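Analysis of the macromolecular model
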Amino acid sequence: MKTWLPTSTAGSLPKPSWLAQPETLWSPWKLSSEELLAGKRDALRLSLDDQLRAGIDIVSDGEQTRQHFVTTFIEHLSGVDFAKREIVKIRNRYEASVPTVVGAVERQKPVFGEDARYLRQLTSQPIKWALPGPMTMIDTLYDNHYKSREKLAWEFAKILNQEAKELEAAGVDIIQFDEPAFNVFFDEVNDWGIAALERATEGLKCETAVHICYGYGIKANTDWKKTLGSEWRQYEEAFPQLQKSSLDIISLECHNSRVPMDLLELIRGKKVMVGAIDVASHAIETPEEVAGTLRKALAFVDADKLRYGAAAAPCRDRQTARPERRRRDYSSRAGGKVRRGAPVIFPRRFTLSSVHFQSGLLPALRHVAASGRQIARRATALHSGNSASRSQG
């Protein structure tokens, strides 16, 4: 049976407080050695349990075994010296101390293969796995070897392709590449960035996605957003080429951003994952707000191609406290039910006490559950009618 408006998360989920400090960027691990390995597995299992309890359709590892969505992958490659650090400007936005590329970059062994196989053993749900994209990887390093952003990106693309094939063999259904750099380096994106990303997906039979956000979690990102004006049109630069690309899914930041929703028309025909939860705010979206975001997107995305995210970005949710994350997830799920009635999906361990259902979400969930079948039938009828109209046109 087809799932309408399947839900997933965009990227990382909050880690348990016994593993890493909540709401802290680059939080060090609280465990070590064998205890750390076991703790990461426990956290992965808890993250999955949260998602299943919440009803998330497409689950993930929640990036529970990683400190950072980019550098954790790079740590496993040869040719990069983490002791030799340089100051670079990341995303043309803020300075940071980063490791140095000192030789040919190579992947000596699979990075996330074991974690993916473990997750696959735990669930029959579709799995989405996030990897950093080539352009975002090169923008998080100092290159003292290739001395060419493009050359290094192509090397990373080959390495990512090796890792992606390993993940596919482990049972992953969707591989997502995180490319916040696509919102900054527009000429490079169109000259070789999208092509490098396609090289990373070459030969894959599973679905592929690219996630492009505006960044969260640090003052430099929020300050930059304030300079973008009343409309954020950065997606307009990459969308035409992405529409022509071999990538299956485009994952975007939407809710509470200033992105004009009509830009989605530029990627008509692609599957689109709409960020329906704003992780930059501590305010919890109501189910009606989530449904409103989806309704706006449906004006520009075919109903059978719309997915939505219980998070708007991979960059900040690792810093969110777990109880807040749970409330967000249930709002998102309820919003999907308001829109189409089918079961929705969310992350994080859920108990009535931690979710604080005094907020009114429980009555909302009961209401949408009761009316769910009726809304699903209407969505099916609407899609069938639209398909007939297009075929006649």
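Described below are features of the structure shown in this document. Keep in mind the model is a prediction, meaning the values are calculated, not measured.

This part takes up the packing of aromatic side chains. Throughout the structure, instances matching the rule amount to 6 aromatic pairs. Residues Phe112 and Trp129 carry aromatic rings whose centres are separated by 6.1 Å and whose planes lie at 45° to one another, so their mutual orientation is tilted. Of this pair, Phe112 sits in the loop between β3 (94–107) and α3 (113–122) while Trp129 sits in strand β4 (residues 128–132), and the two are 17 residues apart along the sequence. On the basis of relative accessibility, which here comes to 3%, the residue Phe112 falls in the buried class. Both rings, one in Tyr214 and one in Trp232, keep their centres 4.8 Å apart while their planes meet at 40°; by these two values the pair is tilted. With Tyr214 in the loop between β7 (207–212) and α7 (219–226) and Trp232 in the loop between α7 and α8 (235–244), this residue pair connects regions lying 18 residues apart in the sequence. The same class applies to Tyr214 as to Trp232, namely buried. The rings of Tyr214, Trp224, Trp232, Tyr235 and Phe239 are connected pair by pair, giving a single aromatic cluster.

This brings us to the packing of helix α5 (residues 149–169) against helix α6 (residues 186–201). Interhelical geometry of α5 versus α6 gives an angle of 25° and a closest axis separation of 7 Å. The orientation of α5 with respect to α6, classified from their angle, is roughly parallel. The chirality of how α5 crosses α6 is right-handed. Between α5 and α6, the residues in contact are Arg149, Glu150, Ala153, Trp154, Ala157, Lys158, Leu160, Asn161 and Ala164 and Glu188, Trp192, Ala195, Ala196, Arg199, Ala200 and Thr201, respectively. A per-class count over the contact of α5 with α6 returns 9 nonpolar, 2 polar and 5 charged.

The next subject is a negative patch on the surface. Where like charges cluster on the molecular surface, the negative patch consists of Glu150, Asp187, Asp191 and Glu237. Along the chain, Asp187 turns up in helix α6. Note on Asp187: relative accessible area 62%, which makes it exposed.

As for its placement among the helices and strands, Ser27 is situated in the loop between β1 (7–8) and α1 (33–54). A polar contact is formed between the side chain of Ser27 and the backbone nitrogen of Gln21, at a distance of 2.7 Å. Residues in contact with Ser27, not counting those within four places in the same chain, are Ala20, Gln21 and Gln67.

Relative to the helices and strands, Phe300 resides in the loop between α9 (287–298) and β10 (306–309). Each C-alpha atom, one on Phe300 and one on Leu263, is 8.2 Å from the other, the two residues being 37 residues apart in sequence. Phe300 has contacts with Met261, Asp262, Leu264, Glu265 and Arg268, leaving out every residue within four places of it along the chain.

Below, the discussion takes up the sheet that holds β3. Taken in spatial order, the 3 strands of this open sheet run β2-β3-β5, and their pairing is mixed. Sheet topology places β2 (77–90) and β5 (142–143) at the edges, where each strand pairs with a single neighbour. Examined bridge by bridge, β3 and β5 share 2 bridges and lie parallel to one another. Counted as the bridge partner of Thr100 is Tyr142 from β5. Each of β2, β3 and β5 is contacted by α5, which is oriented at about 70° to β3, the strand it contacts most.

Basis of the calculations
Residues numbered from 1 in each chain as written. Predicted model: local features only at pLDDT ≥ 70, side-chain atom pairs only at ≥ 80, totals over all residues. Heavy atoms only, no water. Phe/Tyr/Trp six-rings, centres within 6.5 Å; stacked < 30°, edge-to-face > 60°. Helix = DSSP H or I, 4+ residues; strand = E, 2+ residues; numbered from the N terminus. Buried < 20%, exposed > 50% of the residue type's maximum accessible area, 1.4 Å probe, protein only. Axes fitted to C-alpha atoms, helices over the stretch in contact; angles between N-to-C directions. Parallel < 35°, antiparallel > 145°, perpendicular 65-115°, else oblique. Left-handed = near helix turned anticlockwise from the far one by under 90°. Contact = heavy atoms within 4.5 Å. Nonpolar A, V, L, I, M, F, W, Y, C, P; charged D, E, K, R; others polar. Patch = residues over 30% accessible without salt bridge, like charges linked within 9 Å, V, L, I, M, F, W, Y side chains within 5 Å. Areas by Shrake-Rupley, 256 points an atom, 1.4 Å probe, with all protein chains shown as cover. Salt bridge = Lys/Arg side-chain N within 4 Å of Asp/Glu carboxyl O. Lys, Arg positive; Asp, Glu negative; His and termini not counted. Charge placed at Lys NZ, Arg CZ, Asp CG, Glu CD. Polar contact = N/O pair within 3.5 Å; in protein donor to acceptor, adjacent residues only side chain to side chain. Pairing = 2+ DSSP bridges.

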